[in-house]
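Descriptive structure summary
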Amino acid sequence: MTEDVVRVWQKVNTDEINKHLLNVGDSLGNCESCKELGLAYATVTHCPACGTEFKYVTSKNASTQGDGRFHVVKQFFKKRQDLIYIDYDDFKKISGRDQAKKFFND
């Protein structure tokens with residue numbers, strides 16, 4: 001039986017994701033909780049600056065790949081099966097909406 005990567009949609013608490021998200025660039029990641037930069041995403045389990053435990057990972061690089069995003073996600077899973085991959089486009093859309101609501105409610 002072959003394993004592959006597919007999208008699965010479910011309701012989630014976006015605040016919980018923000019608190020435990022590792023955002024990966026080309027070769028390094030950053031902590032979404034405290035914005036610490038330069039984290040070795042292949043091995044880091046907690047943010048060295050704030051102590052956040054990483055449970056989720058996302059990457060803008062996957063979103064720019066179109067259908068090739070599945071290849072990028074597969075590469076993450078080879079290195080980090082312990083993290084749940086969050087689609088970057090979904091994450092940014094929801095984060096932007098939440099920031100706008102907060103701005104207009106303040």
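In what follows, the structure referred to is the one given above.
Rules used in this analysis
- Sequence order as written defines the numbering, with residues in each chain counted from 1.
- pLDDT decides what is reported in this predicted model: residues at 70 or higher carry local features, side-chain atom pairs at 80 or more are listed and counted, and totals for whole chains, interfaces and linings draw on all residues regardless.
- With hydrogens and water stripped out, all remaining heavy atoms of the structure feed into the side-chain values.
- Cysteine sulfur pairs qualify as disulfides if the two atoms are within 2.5 Å.
- Here's how the labels work: a residue is buried when its accessible area is under 20% of the maximum for its type, exposed when over 50%, partly exposed in between, all with a 1.4 Å probe on protein chains only.
- What makes a salt bridge here is a side-chain nitrogen of Lys or Arg within 4 Å of a carboxyl oxygen of Asp or Glu, nothing more.
- Secondary structure follows DSSP: runs of H or I at least 4 residues long count as helices, runs of E at least 2 residues long count as strands, and numbering of each begins at the N terminus.
- Pairing between two strands requires that DSSP report at least two bridges joining them.
- Among buried residues, the Ala, Val, Leu, Ile, Met, Phe, Trp, Tyr and Cys ones that are joined through side-chain atoms within 4.5 Å form a nonpolar core.
- We call two residues in contact when some of their heavy atoms are within 4.5 Å.

Below, the discussion takes up the state of the cysteines. Here the structure, examined in full by the defined rule, presents 0 disulfides. Of the cysteine sulfurs around Cys34, a residue in no disulfide, the closest is that of Cys47, at 3.6 Å. Residue classification places Cys34 among the partly exposed residues on the basis of a relative accessible area of 32%.

This part covers the pattern of salt bridges. Following the criterion strictly, the structure yields 3 salt bridges and no others. In this structure, the salt-bridge partner of Lys35 is Glu32, at a minimum N-O distance of 3.0 Å. Classification of Glu32 by relative accessible area gives buried; the value is 13%.

Here the focus is the pairing of strand 1 (residues 21-24). What you see with strand 1 is no split at all: Leu21 and Asn23 on one side and Leu22 and Val24 on the other are buried throughout. Note that strand 1 and strand 3 (residues 56-59) share 4 bridges and pair parallel. Within strand 3, the position partnered with Leu22 by the bridge is Val57. With 3 bridges joining them, strand 1 and strand 2 (residues 29-31) adopt antiparallel strand pairing. By the bridge assignment, Leu22 is partnered in strand 2 with Cys31.

All right, on to unusual backbone geometry then. Residues other than glycine seldom take positive phi values, yet Lys35 does so here, at roughly 70 degrees. With respect to the secondary-structure elements, Lys35 resides in the loop between strand 2 and strand 3. By relative accessible area, which is 49% here, Lys35 ends up partly exposed.

Once that is clear, we can look at the nonpolar core. Core analysis: the largest hydrophobic core is formed by 16 residues, its most contacted members being Leu22, Val24, Leu39, Phe54, Val57, Phe76 and Tyr85. For this core, the secondary-structure elements that each account for two or more residues are strand 1 and helix 3 (69-79). Tallying contributions element by element places helix 3 first for this core, with 3 residues. Among all residues touching Tyr85, those that are not within four sequence positions of it are Val57, Thr58, Ser59, Ala62, Val73, Phe76 and Phe77. If you look at the next biggest cluster of nonpolar residues, it comprises 5 residues, including Ile17, Leu21, Ile86 and Phe91.

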